[in-house]
Structure formats: C-alpha cells, structure tokens
Amino acid sequence: MRADRTKASGARGRALRIALISAFVPLSLALVQCGQAPNPTALATNSQANAQVIAKTNPQVFNQQVASGDTFEDRFPAPQFKERFPSASESFLQRQMSDFSPKRAVQQQPQPAQAPYKVASLEPQIPYQRPPREDLTTLVSMKSSAFPYFGNNPASDAPFLNISKGDRRGHRSYSGRVFWQDETYNDSRVLVHVPEHFDVRKPGVIVVFFHGNGATLERDVRDRQLVPQQITASGANAVLLAPQMAVDAADSSAGKFWQAGGLKRFMDESASHLARLTGDPNSARAFASMPIVIVGYSGGFLPTAWSLEVGGISDRVRGVVLLDAVYGEMDKFASWIESHRSGFFVSSYTHYTARRDRELMSMLRQKGIGVSEDMDGPLRPGSVVFVETGDGITHRDYVNRAWTQYPLKDVLVKMSATPALALTRVAATSPSVSSR
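Predicted model, so just to flag it, every value in this text is computed and none were measured. (Residues numbered from 1 in each chain as written. Predicted model: local features only at pLDDT ≥ 70, side-chain atom pairs only at ≥ 80, totals over all residues. Heavy atoms only, no water.)

1. As for the overall build of the protein
Piece 1. Counting its regular elements, the protein contains 14 helices and 15 strands.
Piece 2. Split into buried and exposed, the 436 residues of the protein put 41% on the buried side.
Piece 3. Counting contacts in the protein only where the partners sit at least 6 residues apart, residues at least 24 apart contribute 75% of the total.
Piece 4. Here the protein displays about 25,300 Å² of accessible surface, and carbon together with sulfur accounts for 53% of that area. (Helix = DSSP H or I, 4+ residues; strand = E, 2+ residues; numbered from the N terminus. Buried < 20%, exposed > 50% of the residue type's maximum accessible area, 1.4 Å probe, protein only. Contact = heavy atoms within 4.5 Å. Areas by Shrake-Rupley, 256 points an atom, 1.4 Å probe, with all protein chains shown as cover.)

Laid out in structure tokens, this is it:
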C-alpha cells in the first residue's frame, strides 16, 4: 500500500511539473515578443482582419471607429511632402558666424547737414561735403529739340515735309530718297549725361553734341562712340546734351536748329531739366548761363553751323569742335571764328573733307587769323586748330579715334588746363574709358 501511495504521489508530482512548464513557456514567448518592433505587414493584416470581424459582429462600433479615424491609414499615415521639406516659415533660421560674435553697442548721434568734421591735422576743420553720386545718363524729351519739325527748309525756303502719301508726310532729300516724318523726324529725345563729379557750384561747361548720319542716341552716341564716357573720363566739370537728329538716316537736316533762336530755346529748356536731374532746382539759373562747347561729327556740321549763325546765344559758345565734318557752310564757321576771338575752334579731318578744310583755312588766313595744324599745345582763347589725320583712321570711328584716342576727352582736358576758358577740372584722377 505504501508502494502504491509512493507511486501515486510521484505521478502527481510529474504531472504538476509538466503543467507548470506548459504554463510558463507561452508566457516567456509573449514577453520576448513585447521587446521587438511590430511588423508593419502583420499590423496591417491584423487591423484589416479585426476591422472585418468588428464590421460583421458589431457594425455600429465599426462605423464609430471609422468616424473617429481609427483605421490603419489614420493611425499610420504616409509622410507628407511638407513634413520632409518644411516651408520657409517652419525652417531653421540660417545663421552666419557673425551672428554668434559679441555685439558692441553703437550710439549714433544725428549729424547736422553742414556740421564740420576734423581731418588728421591737415586742416583744423573743413565743411561737410556731400558724398559723390554715380554718373547719370538718361533720355529726356524736349519740346525744343530738333524734331519733330514742321517749318521750312532754309536752303529752298520750301516746307521741310515736302511729300505726302495718304495721311503720311515725309521729306524728299537731295538724293531723292524719301524719309517719313513718323519714322525719321519724330524723336524729340535728348541724351543727357551728368558725371558723378560734376559740381554746379564751380565753373563748368555744357557740351552739345550733334551726331552724324545713320545714328541713334543709344546705339551710337552712348554705346559705340562712348561720348558720355569721354565726358566723364576727362575729369572736366562738364555735362552733355545730345539731341536726336534724323533717326538712323542718311540726312543732316537741322530741324528746329534752323530757326532763329533755336539753340537758345533748347538751352533754356535744358537748364530746368539739368537742375531737376541734379537734384537742385535752384541751379537752373547757373545752367542757363553756363558756357557751351558745340561738337559736330560728320553730318552734325549743319546744325552746328546754323546754331552759330542764328542760334541766338553764340556769345555763350566757348568752343567749336568739328570731327571730319566740314562738308559745307564754311562762311558760317569763318564768321563765328572772326567775331568770337575769345573762343576756340578745332577741326580734325580725313581725306574725305580735306579739300573743304583747306579752303576754310585759306579763308581765315586771308582775314589775318592765325591757324595751327597740330593739337600738341594747350587750347587758349582764340586758338584755331586744323588737324589732318592719316591712313588707318576711319570716318566711322572718328569720334573714338582721330588725332588721338578719345578726342572729346582730349579737348576737354586741354580746355581745363586754361583758366581763361572758365572750366575747372574737378576730378583728381580720370577713370579709363573702355573701348567697344
């Protein structure tokens, strides 16, 4: 009986151990699974399976879960573009190294407009000077510019617009070619250039430039011939006015500069424009009395000659420069030279105009006026200079290269060196002129 009881108790012990082992093994496996990341596929499968079971067994609960966003897509949404690439307002601010350097407090005191300041023992005090401005080059429409023009041609005393076609009016030139008013003689703009160093309070000069045939202000006067750059590079206290003549045409017509007082009206109107552009409306009076230098290139000889003859302010003209431009009107040039001995006259020429330049020299010598044939010396009141340029100097590039490179710059530099011509060279150094 003892043996039977012993056997029975041993069997119960083994059964108990087996039961305990069977209970602990699944529990340990479950605990191991809790320490691992969930499988997204399994989650999706389980979620879909659970959703199907809930939908079948309890539709009301399923609908509530859908409404509350309790789906896999809602709990694990796909990343949005804005989450990977935040907007500018959500991004971190970009910092420079200087942002992390210690800041020093700076107290700025308001300065009076004319407050004096000291300069390193050179002078006790000097008056405040306005910082230099940049060069100003712009196009301004003026009523007194050469065109449009509806008057007569003084050469024939006939209307300048001497041909019509329907509503269009035009001018038939001496060569027989017709130029229409709405294409060739309808641009009233003037190229205005004020160098950064220009000071209206000092003696200065206004350069009036009459371009030649087949030209526009922007393409040729400004960009190809570099007239504004030459004015600035000279360092002279000078501004530029270049009216548009016949637009890109083989025509030298003078337009309103044919009329008596035409140059005076042009200069009077330009004074107010220059005063406005330089920022000092009170300077209009200074511009209205400032000396003038007229430069005529090629076909620009015609408005130059008539401005000297009938312009109404020939006494303000301090100098005349002709660049391969004596194609006629020698009597008008000779008359101005003879009656204005305080000014200077320069004519540089190629073989195209050599015959007429020599004729003009002969006319002046007969009047007892001395003529120089080189530009080596300074320009003085009464200087009359004729300079012949040799081979290799082309008419088309004459504004950039005549007796020297950039002849307008050279004239203004020589003029500035003569105090009697009332022109001050205010720039300490002359910026270089780039070639194009």
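2. Digging into the sheet that holds strand β11 (residues 238-243)
In sheet architecture, strand pairing relies on hydrogen bonds along the backbone and comes in two forms, parallel and antiparallel.
Piece 1. The strand order across the open sheet built from 8 strands is β3-β9-β11-β10-β12-β13-β14-β15, with neighbouring strands paired in mixed fashion. Both outer strands of the open sheet, β3 (136-141) and β15 (384-388), are each paired with one neighbouring strand and no more. Shown here is a sheet whose adjacent strand axes are inclined to one another by a mean of 15°, direction ignored.
Piece 2. Sheet topology note: the strand β10 (residues 205-210)/β11 ladder contains 4 bridges and is parallel. (Pairing = 2+ DSSP bridges. Axes fitted to C-alpha atoms, helices over the stretch in contact; angles between N-to-C directions.)

3. Here's the deal with unusual backbone geometry
Piece 1. With an omega of 5°, the peptide bond between F147 and P148 qualifies as cis.
Piece 2. Locating P148 in the fold gives a position in the loop between β3 and β4 (152-153).
Piece 3. Phi at S298 takes a positive value of approximately 55°, unusual for a residue other than glycine.
Piece 4. Mapped onto the fold, S298 is located in the loop between β12 (292-297) and α11 (301-310).
Piece 5. Judged by relative accessible area, which is 9%, S298 ranks as buried.

4. Quick look at the pattern of salt bridges
Piece 1. This structure, assessed with the given rule, holds 15 salt bridges.
Piece 2. In this structure, the salt-bridge partner of E183 is R168, at a minimum N-O distance of 3.2 Å. In this pair, E183 sits in helix α6 (residues 181-184) while R168 sits in strand β7 (residues 168-172), placing the two residues 15 residues apart along the sequence.
Piece 3. Relative accessible area serves as the criterion here: at 52%, E183 is assigned to the exposed category.
Piece 4. On the basis of relative accessible area, R168 is assigned to the partly exposed category, the value being 30%.
Piece 5. With a shortest N-O distance of 3.3 Å, E388 and R358 are connected by a salt bridge. Here E388, found in strand β15, pairs with R358, found in helix α13 (residues 354-366); they are 30 residues apart in sequence, far enough to count as distant.
Piece 6. Here E388 falls in the partly exposed class, since its relative accessible area comes to 45%.
Piece 7. Via salt bridges that share partners, R219, D220, R224 and D248 belong to a single interconnected network. (Salt bridge = Lys/Arg side-chain N within 4 Å of Asp/Glu carboxyl O.)

5. Brief notes about helix α9 (residues 262-277)
Piece 1. Over its 16 residues, α9 runs 23 Å from end to end, which matches the ideal 22 Å to within 8%, given 1.5 Å per residue.
Piece 2. Among the residues of α9, those classed as buried are G262, L263, F266, M267, S270, A271, H273, L274 and A275.
Piece 3. Trailing α9 by a residue or two, G279 shows a phi angle of about 85°, which is positive. (Expected span 1.5 Å × (residues − 1).)

6. Regarding the side chain of N237
Piece 1. For N237, the location among the structural elements is in the loop between α8 (227-233) and β11.
Piece 2. A relative accessible area of 0% places N237 in the buried class.
Piece 3. A distance of 2.8 Å separates the side chain of N237 from the backbone nitrogen of D199, its partner in a polar contact.
Piece 4. Of note is the side chain of N237, whose polar atom sits 3.3 Å from the backbone oxygen of K202. (Polar contact = N/O pair within 3.5 Å; in protein donor to acceptor, adjacent residues only side chain to side chain.)

7. Section: the packing of α11 against helix α12 (residues 330-339)
Piece 1. Running from N to C, α11 and α12 point in directions that differ by 45°, and their axes come no closer than 9 Å. Taken together, the axis directions place α11 and α12 in an arrangement best described as oblique. Crossing angle aside, the handedness with which α11 passes α12 is left-handed. Within the contact between the two elements, α11 uses F301, T304, A305, W306, L308 and E309 and α12 uses K332, F333 and W336.
Piece 2. By residue class, the composition of the contact of α11 with α12 is 6 nonpolar, 1 polar and 2 charged. (Parallel < 35°, antiparallel > 145°, perpendicular 65-115°, else oblique. Left-handed = near helix turned anticlockwise from the far one by under 90°. Nonpolar A, V, L, I, M, F, W, Y, C, P; charged D, E, K, R; others polar.)

8. Some points on the packing of aromatic side chains
Piece 1. Under the definition given, this model contains 12 aromatic pairs.
Piece 2. With centroids separated by 5.8 Å and ring planes inclined at 65°, the aromatic side chains of F160 and W258 adopt a geometry described as edge-to-face. Of the two residues, F160 is situated in the loop between β5 (158-159) and β6 (163-165) and W258 in the loop between β11 and α9; the sequence distance between them amounts to 98 residues.
Piece 3. Look at F160 and you get buried, because its relative accessible area is 0%.
Piece 4. With centroids separated by 5.9 Å and ring planes inclined at 45°, the aromatic side chains of F301 and Y327 adopt a geometry described as tilted. Pair noted here: F301 is in helix α11 and Y327 is in the loop between β13 (317-323) and α12, with a separation of 26 residues, a long-range link.
Piece 5. The partly exposed category is assigned to Y327, whose relative accessible area is 30%.
Piece 6. Seen from the ring of W306, K332 lies directly overhead, with NZ or CZ sitting 4.4 Å from the centre. (Phe/Tyr/Trp six-rings, centres within 6.5 Å; stacked < 30°, edge-to-face > 60°. Lys NZ or Arg CZ within 6 Å of the ring centre and 35° of its normal.)

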